[in-house]
There are 2 protein chains.
Amino acid sequence: MKVSKFGGSSLADGHQLQRVFNIVNADSNRKIIVVSAPGKRFTDDIKVTDLLIKYAEATINDQNTETIISDIKQRYHDIAYHFGLPQESLTDIDQQIDHLAKKHYRSFDYLFAAFAAHGEYLNAQLIAKVFTYLGLPARFIDPKQIGLLVDDNARSATFNTQSYETIAKLDLSTSERLIIPGFFGYTNNGDMATFSRGGSDITGAIMARALSADLYENFTDVSAIYAVNPNIITHPAAIHQMTYDEMRELSYAGFAVFHDEAIIPAIQGGIRINIKNTNDPDAPGTFIVPPTEVQETRPVTGIANSNRFAALYLHRYLLNKEVGFTLRILEILKRHNISYEHMPSGIDDLTIIFDKTNLSQDKVDAMLADIAADIRPDTLKWLPSYGIIMIVGEGMRNRIGALTEIVTPLKENGISLQMVNQGASEISIMLGIQPDLADSAVKAIYNNIFKIE
Amino acid sequence: MKVSKFGGSSLADGHQLQRVFNIVNADSNRKIIVVSAPGKRFTDDIKVTDLLIKYAEATINDQNTETIISDIKQRYHDIAYHFGLPQESLTDIDQQIDHLAKKHYRSFDYLFAAFAAHGEYLNAQLIAKVFTYLGLPARFIDPKQIGLLVDDNARSATFNTQSYETIAKLDLSTSERLIIPGFFGYTNNGDMATFSRGGSDITGAIMARALSADLYENFTDVSAIYAVNPNIITHPAAIHQMTYDEMRELSYAGFAVFHDEAIIPAIQGGIRINIKNTNDPDAPGTFIVPPTEVQETRPVTGIANSNRFAALYLHRYLLNKEVGFTLRILEILKRHNISYEHMPSGIDDLTIIFDKTNLSQDKVDAMLADIAADIRPDTLKWLPSYGIIMIVGEGMRNRIGALTEIVTPLKENGISLQMVNQGASEISIMLGIQPDLADSAVKAIYNNIFKIE
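Along each chain, residue indices are assigned from 1 in the same order as the chain's sequence is written. Both sets of labels track the order of writing: A upward for chains, 1 upward for ligands. Local features are withheld for residues below a pLDDT of 70 in this predicted model, meaning they are given only at 70 or higher, and side-chain atom pairs are given and counted only at 80 or more; totals for whole chains, interfaces and linings count all residues. Only heavy atoms go into the side-chain values, all of them from the structure, while hydrogens and water stay out.

Q: Go over the packing of aromatic side chains with me, naming the residues and quoting the values.
A: Any two rings among Phe, Tyr and Trp, with Trp reduced to its six-membered ring, count as a pair given centres within 6.5 Å; such a pair is stacked if its planes are under 30 degrees apart, edge-to-face if over 60, and tilted if neither. Under the defined criterion, the tally for this structure stands at 24 aromatic pairs over all chains. A ring pair is formed by Phe 21 of chain A and Phe 131 of chain A, whose centres lie 5.4 Å apart and whose planes are at 75 degrees; its orientation type is edge-to-face. Pair noted here: Phe 21 of chain A is in helix α1 (residues 14–25) and Phe 131 of chain A is in helix α5 (residues 108–133), with a separation of 110 residues, a long-range link. Judged by centre distance (5.8 Å) and plane angle (75 degrees), the rings of Tyr 121 of chain A and Phe 184 of chain A are edge-to-face. Residue Tyr 121 of chain A is located in helix α5, and its partner Phe 184 of chain A is located in strand β5 (residues 184–186); the two are separated by 63 residues in the primary sequence. Exposure class is identical for Tyr 121 of chain A and Phe 184 of chain A. Each is buried. For the cation-ring pair, Arg 209 of chain A lies above Tyr 164 of chain A, with the distance from its terminal atom to the ring centre recorded as 4.4 Å. Positioned above the aromatic ring of Tyr 110 of chain B is the side chain of Arg 106 of chain B, whose terminal nitrogen or guanidinium carbon lies 6.0 Å from the ring centre. Comment: elements are numbered from the N terminus, with helices defined as DSSP H or I runs of at least four residues and strands as E runs of at least two. For every residue, the accessible area (1.4 Å probe, protein chains only) is compared with the maximum for its type, and the residue is labelled buried under 20%, exposed over 50%, or partly exposed between those bounds. In this scheme, the term charge over a ring applies when either NZ of a lysine or CZ of an arginine sits within 6 Å of the ring centre and within 35 degrees of the ring normal.

Q: Would you mind going over the relation of the copies chain B and chain A in detail, with residue names and values included?
A: Only residues with pLDDT of at least 70 in both copies count here: their C-alpha atoms drive the least-squares fit that superposes the copies. Superposing chain B onto chain A takes a rotation of 180 degrees plus a shift of 0.1 Å along the axis, which leaves an RMSD of 0.1 Å. Considering both components of the superposition, the chain copies are consistent with a two-fold axis.

Q: Help me get a handle on the sheet that holds strand β11 (residues 273–277) of chain A, residues and values and all.
A: Residues and elements named next belong to chain A. Pairing in this open sheet of 8 strands is mixed, and the strands run β3-β4-β2-β1-β7-β11-β12-β10 from one edge to the other. The outermost strands of the open sheet, each flanked by one partner alone, are β3 (138–140) and β10 (241–243). The mean inter-strand angle of the sheet, taken between neighbouring strand axes irrespective of direction, is 25 degrees. At least two bridges found by DSSP between two strands is the condition for calling them paired. Examined bridge by bridge, strand β7 (residues 215–220) and β11 share 5 bridges and lie parallel to one another. Opposite Phe 219, over in β11, you have Lys 276 as the bridge partner. Contacts are residue-level and defined by heavy atoms, with any inter-residue pair within 4.5 Å sufficient. Axes here refer to lines fitted to C-alpha atoms; in helices the fit is confined to the stretch in contact. Angles between the N-to-C directions go from 0 to 180 degrees. Along the sheet, helix α8 (residues 244–252) contacts β10, β11 and β12 (286–289); its crossing angle with β10, the most-contacted strand, is approximately 85 degrees.

Q: I'd love a proper account of the interface of chain B and chain A, names of residues and values included.
A: Of the residues lining the interface, 58 residues belong to chain B; the matching set on chain A comes to 58 residues. Carbon and sulfur atoms supply 59% of the area that chain B and chain A bury against each other, a total of about 5100 Å² over both sides. Any carboxyl oxygen of Asp or Glu within 4 Å of a side-chain nitrogen of Lys or Arg constitutes a salt bridge here. Counting every contact that joins chain B to chain A gives 2 salt bridges. In this structure, Arg 248 of chain A engages Asp 348 of chain B in a salt bridge whose closest nitrogen and oxygen atoms are separated by 2.3 Å. Looking at the side of chain B that touches chain A, the elements that each hand over two or more residues are α8 (244–252), α9 (263–269), α10 (325–335), β14 (349–355), α12 (402–412) and β16 (419–422) of chain B. Put simply, buried area is how much 1.4 Å-probe accessible surface two parts lose in total, over both of them, once they are put together.

Q: So what's going on with the nonpolar core? Which residues, and what values?
A: Throughout, nonpolar core names a set of buried Ala, Val, Leu, Ile, Met, Phe, Trp, Tyr and Cys residues whose side chains join them through atoms within 4.5 Å. Formed by 172 residues in total, the largest nonpolar core has its most connected members in Met 207 of chain A together with Met 207 of chain B. Ignoring anything within four residues of it in the chain, the contact list for Met 207 of chain A reads Val 3, Ile 32, Val 34, Ile 146, Leu 148, Ile 167, Leu 170 and Ile 180 of chain A.

Q: Mind laying out α5 of chain A, listing which residues take part and the relevant values?
A: All names here are of chain A. One fewer than the residue count of a helix, multiplied by 1.5 Å, yields its expected span. Here α5 is 26 residues long and its end C-alpha atoms lie 38 Å apart, about the 38 Å a rise of 1.5 Å per residue gives. Largest kink in α5: about 35 degrees, centred on His 118. Buried residues dominate α5, accounting for 21 of its 26 residues. Once α5 ends, the next one or two residues include Gly 135, with phi positive near 100 degrees. By definition, a residue's bend is the angle between the axes fitted to the seven residues ending there and the seven starting there.

Q: Please set out the domain arrangement of chain A residue by residue, giving values where relevant.
A: Interfaces are often sized by the accessible area lost when the parts come together. By convention here, the domain bounds are inherited from an automatic or database domain assignment. Domain parsing of chain A yields domain 1 (2–221) and domain 2 (303–449). Here the C-alpha centre of domain 2 of chain A lies 37 Å away from the C-alpha centre of domain 1 of chain A.

Q: Help me get a handle on helix α2 (residues 48–60) of chain A, residues and values and all.
A: All names here are of chain A. Taking 1.5 Å of rise per residue, 13 residues should cover 18 Å, and α2 covers 18 Å from first to last C-alpha, within 8% of that figure. Listing the buried residues of α2 in full gives Val 48, Thr 49, Leu 51, Leu 52, Ile 53, Tyr 55, Ala 56, Ala 58 and Thr 59. Positive backbone phi, at 60 degrees, marks Asp 62, one or two positions downstream of α2.

Q: Give a detailed account of the UniProt feature "binding site: ATP" (unreviewed entry) in chain A, specifying residues and quantitative values.
A: All names here are of chain A. The UniProt feature table records "binding site: ATP" (unreviewed entry) at Thr 220, Asp 221 and Tyr 226. Since its relative accessible area comes to 13%, Thr 220 is described here as buried. Apart from the residues lying within four places of it in its own chain, the contact partners of Thr 220 are Ser 10, Val 257, Ile 275, Lys 276, Asn 277 and Thr 278. The partly exposed category is assigned to Asp 221, whose relative accessible area is 42%. UniProt positions are given in the numbering used here, feature names are shortened, and annotations may be inferred rather than shown by experiment.

Q: Report on the sheet that holds strand β16 (residues 419–422) of chain A, specifying residues and quantitative values.
A: Reading across the sheet, the 10 strands line up as β14(A)-β13(A)-β15(A)-β17(A)-β16(A)-β16(B)-β17(B)-β15(B)-β13(B)-β14(B) and stay open at both edges, with antiparallel pairing between neighbours. Each end of this open sheet is capped by a strand with a single partner; those strands are β14 (349–355) of chain A together with β14 of chain B. Adjacent strand axes in the sheet meet at a mean angle of 30 degrees, parallel and antiparallel pairs treated alike. With 4 bridges connecting them, β16 of chain B and strand β17 (residues 428–433) of chain B associate as antiparallel partners. The residue bridging Gln 422 of chain B from the neighbouring strand is Ile 429 of chain B, located in β17 of chain B. Strand contacts of helix α10 (residues 325–335) of chain A: β13 (302–315) and β14 of chain A, with the helix running at about 25 degrees to β14 of chain A, the strand carrying the most contacts.

Q: Tell me about the packing of α2 of chain A against α5 of chain A, and name the residues and values.
A: All names here are of chain A. The geometry of α2 relative to α5 is characterised by a closest axis approach of 8 Å and an angle of 145 degrees between their N-to-C directions. Like other packed secondary-structure pairs, α2 and α5 cross with a definite hand, here right-handed. Contacts from Val 48, Thr 49, Leu 52, Ile 53, Tyr 55, Ala 56, Glu 57, Thr 59 and Ile 60 of α2 reach α5 at Phe 108, Leu 111, Phe 112, Phe 115, Ala 116, His 118, Gly 119 and Glu 120. Amino acids outside the nonpolar list (Ala, Val, Leu, Ile, Met, Phe, Trp, Tyr, Cys, Pro) and the charged list (Asp, Glu, Lys, Arg) are all regarded as polar, and Gly is one of them. Its residues placed into classes, the contact of α2 with α5 shows 11 nonpolar, 4 polar and 2 charged. It is the rotation of the near helix from the far one that decides the hand of a crossing: anticlockwise by less than a right angle makes it left-handed, clockwise makes it right-handed.

Q: Outline the environment of Leu 312 of chain A, supporting the account with residue identities and numerical values.
A: All names here are of chain A. If you trace the backbone, Leu 312 turns up in strand β13. Under the relative-accessibility criterion, Leu 312 is labelled buried at 1%. Not counting the four nearest positions on each side in its chain, Leu 312 is found in contact with Leu 350, Thr 351, Ile 352, Phe 354, Met 367, Leu 368, Ile 371, Leu 380, Lys 381 and Trp 382.

Q: Kindly report on the pattern of salt bridges, identifying the contributing residues and their values.
A: Residues and elements named next belong to chain A. Inspection of every chain in the model, using the stated rule, returns 42 salt bridges over all chains. In this structure, the salt-bridge partner of Arg 328 is Asp 374, at a minimum N-O distance of 3.6 Å. Here Asp 374 lies in helix α11 (residues 361–375) and Arg 328 lies in helix α10, a separation of 46 residues in the sequence. Assessed through its relative accessible area of 23%, Arg 328 is described here as partly exposed. Connected through shared salt-bridge partners, Lys 2, Asp 27, Arg 30 and Glu 217 make up one network.

What follows is the structure, given as structure tokens:
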């Protein structure tokens, strides 16, 4: 049995959904189908999830919601129309869209979560109708009915692993395909709560683990995961196979093709993952597997980079003499509910690296004010933009000279680094860099390691 | 006015003290003389401070102290005898040694501190007598009488900076040389409390800053600070001049010639430091100065290494997703009163590096047990011995390729690293290495950077 997850671009319109239908119909092992909300049909298009967030904002601000409601309904109707589904079969979906603004929510966060979750929630309902209409019996499965529970973090929820047991009870003996919306679960109170953006991958991984799937297929719009961002290097090497840990480190630093938290259930259940292309389903794609299954040997598997970071630099003499110095800083962070990513330190210097997608300027200002007052550093600097490059590969484990291959081309290209962090992970080297230098750095490193002139 | 500090080897016996006398006598600007306890006269000799610690242990354990007391007295008597001082002038010193075991102490820690401090305390008294006897009027100054206060950390005290004001009142208009014991101060309760070992350098720096000395001379047994440990490289380059920060980073990682905490008062007061050799007083030595005064340009100033570290390695999936994860670890460290040195992290990996000189096996075991129970890591490893190499130089500031010069010779010599930490400090790169590889690594890096074949 396979769990097959389809991303937003694979479900953006009827034309794409037809391809998804063909893929599912071609293999009776594709039993559990996890779906995203309809994504972009063209570059400047708006994802249904983003339309729903606009709808949520308009609702909160008591603005007119007529146009936005109509835009959202239109997306689902367009898909239904492509397959010739009768208008009336969308009545309940329309009603649910209307009803969203009328329900009571525990908080604004839960309101946003419920609105956003409906992108997937309604799409799964629609897809079950379409598949059945096309002659492939399919049934919508609400995460509530299989007990997919999450914690109380409304918009960045964590899966409650006790749910594996209840999900495992799902009856697979039916001939129907089971269509499950990704991205969200329910709290103990029965509220919808979403994973972080892109979290449909997580739902797929949870289902695959709970049901001990033979394979977790993750359908997206690329034929393979490439060793480097194709926007930086034209025609980069494709990765045919990699380990869970390699994928996890690469996705952390910008390989957006697979959500980094979605790896965990797969690791725990030993579930093999296959990243495939909806538009090229015969291509083998990329397999993400346990380390014991990897046959290829290569010095480096992939190079990822992301400029989504920010950093705080702090200097104070005798900084590391004091027991509990960093503790006080972390207490300040906790008070402001700010998590940090890395904290490289020198003798009297400390850099703290943050994921700025989770930070607001107000939070940063408040945190800096508290640190200045409580810690009294000699120097305190805020770098609002900070790039991280990760060079990842099981082949780097214990290999002497891995770092030389990375820093030599940077030197030759006159590129300076803000940070080098090697050794915390055995399979990766992390570099900190000014965001405007990141692309040239990645290019220089890639060309050296993959020996391209 | 100069503050001149003499280390234990410069004061080990009468022969050495004669040299110190000549140096002080040769320059009337050498007004404030800070002295250590008598050090080793030959390789297997025991420092007076270590004899006093034995004496303290014997006292606590209610053992016979007759031999140890006699050994301690003998060291001071030998020095006095060398100069022909009459026996009776040592009566009060002998009495103080006897009396040590009879006093009441607030705690065992304060007992140890007081015993250890007497190495300097008595030596300063003796040296004042000797100098005066030789015709150079000198007066013993008790840190108590000038208000040199420290905090309550009996054996690793921190100077109370409010004392600068009281010390500054010391009358320098006298023609006498003022002999001040290094290494200790007094708590607000009037108890003796020592700095960490080698802390006489700190006393000298405090005096130099409090009295705005023109120069802080630090007399030791080497004619210069060398760019690398002479036990690793024969005839290494001498460092004629370096900045405070360079010295601080080098002394952190093993350049024992100057106590790393002693730099702080010098920095704050802008006091120039001159490391000189008691046995070769005409050699210019090494000047440690503000960054604006350094004229030489060179890629690297020095390479230090120390194997006094230990490390904890921890792996847990989604480690960095959790706000307050590291906070919980640091709270455990604080509960066990353990300070850490560095904490490099990967996505799911965390290494914590400790100075093992401050750790007992019991503390480590208790800490590891708490971390295992509270954090439940997937992997938890303890590395009881961990080496750190610091490559230090103002010339590394913003210089592209500094890291290449370091990792290339390591690759060529087949030496692997456990950690690379660049970027926290602008003037240094920190490497983590297996202790048994550290010397070969230092040699390879030194030979490459200083271009020796």
